Amino acid sequence: VSKQLLQGQHVVVVRTEGICMSGGMVRRRMAHDRYKNKKMNTNPRKGPYHYTSPSRIFWKTVRGMIPHKTVRGAAAFERFKAYEGIPAPYDKVKRACVPEALKVLRLGEGHRFCVLGDFCAQIGWKHAAIVKELEGKREAAASEYWAKKKDANIKRAAAVAAANAQLGDLQGLIEATGY
């Protein structure tokens, strides 16, 4: 993700609650407990801030991979967005999977892992149930749309076949015109 951002791509990460992290849940919790002890000695309100939502944890992870204090890094980081679930403008947009980030390729066989959404729910994220409910509604609407689209594709294919049958064989005419 960070490499694509630095190369000038706009990246929107959706369903961050489904990201798999290497290491079991206990190991992740111990690391997070050590991280929560880090704070500014004189004024803890000035940071570091300990986020509990999956999108903000992933946001901070990506920020650590980008030189965000330089002009180039700040411009790259402005091209990045992360969300739990799939919010309204992005549910109609075609999504792409990053093959390099697949669990089956990155994690050794039999190694422990935990899901970011479950981890965040344990450390204090309170919106897991709401996101799950909204995702259920979105998936229901998407499956209804897909059923309509399949029917339309079948009807279109039948219409194209009927039109081709009515026109007859045009292969000689197509070859004669140079296509």
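Residues numbered from 1 in each chain as written. Predicted model: local features only at pLDDT ≥ 70, side-chain atom pairs only at ≥ 80, totals over all residues. Heavy atoms only, no water.

J.: How would you summarise the nonpolar core if you had to cite specific residues and measurements?
T.: If you look at the biggest cluster of nonpolar residues, it comprises 11 residues: Leu 5, Val 11, Val 13, Phe 58, Trp 59, Val 62, Ile 66, Ala 76, Phe 77, Phe 80 and Ala 82. Those elements that place two or more of their residues in this core are β1 (11–13), α3 (54–64), α4 (71–78) and β3 (80–82). For this core, the leading source of residues is α3, giving three residues. In this view, Val 62 contacts Val 1, Leu 5, Phe 77 and Phe 80; residues no more than four positions away in its chain are not counted. (Core = buried A, V, L, I, M, F, W, Y, C linked by side-chain atoms within 4.5 Å. Buried < 20%, exposed > 50% of the residue type's maximum accessible area, 1.4 Å probe, protein only. Helix = DSSP H or I, 4+ residues; strand = E, 2+ residues; numbered from the N terminus. Contact = heavy atoms within 4.5 Å.)

J.: Go over the packing of helix α2 (residues 25–36) against helix α6 (residues 116–123) with me, naming the residues and quoting the values.
T.: It is at 11 Å that the axes of α2 and α6 come closest, and there the two elements cross at 50°. By the angle class used here, α2 and α6 are oblique. For the element pair α2 and α6, the recorded crossing hand is right-handed. Contacts between α2 and α6 involve Met 25, Arg 28, Arg 29 and His 32 from the former and Asp 118, Phe 119, Gln 122 and Ile 123 from the latter. Grouping the amino acids of the contact of α2 with α6 by side-chain chemistry returns three nonpolar, two polar and three charged. (Axes fitted to C-alpha atoms, helices over the stretch in contact; angles between N-to-C directions. Parallel < 35°, antiparallel > 145°, perpendicular 65-115°, else oblique. Left-handed = near helix turned anticlockwise from the far one by under 90°. Nonpolar A, V, L, I, M, F, W, Y, C, P; charged D, E, K, R; others polar.)

J.: Give a detailed account of the packing of aromatic side chains, specifying residues and quantitative values.
T.: Throughout the structure, instances matching the rule amount to five aromatic pairs. Ring geometry for Tyr 51 versus Trp 59: centroids 6.1 Å apart, planes at 90°, classification edge-to-face. Aromatic side chains Phe 77 and Phe 80 sit 6.0 Å apart centroid to centroid with 25° between the ring planes, which places their arrangement in the stacked category. Assigned by exposure class, Phe 77 and Phe 80 land together as buried. Clustering of aromatic rings is evident, with ring pairs tying together Tyr 51, Phe 58, Trp 59, Phe 77 and Phe 80. For the cation-ring pair, Arg 56 lies above Tyr 51, with the distance from its terminal atom to the ring centre recorded as 4.7 Å. For the cation-ring pair, Arg 56 lies above Trp 59, with the distance from its terminal atom to the ring centre recorded as 4.1 Å. (Phe/Tyr/Trp six-rings, centres within 6.5 Å; stacked < 30°, edge-to-face > 60°. Lys NZ or Arg CZ within 6 Å of the ring centre and 35° of its normal.)

J.: Could you give an account of the state of the cysteines, with specific residues and numbers?
T.: Applying the stated rule across the entire model yields zero disulfides. Here Cys 114 stays unpaired: no disulfide links it, and the sulfur of Cys 20, its closest cysteine neighbor, is 8.3 Å away. Among the residues examined, Cys 114 registers a relative accessible area of 4% and is labelled buried. The thiol sulfur of Cys 120 is not disulfide-bonded, and the nearest other cysteine sulfur, from Cys 114, lies at 9.1 Å. Given a relative accessible area of 0%, Cys 120 falls into the buried group. (Disulfide = S-S within 2.5 Å.)

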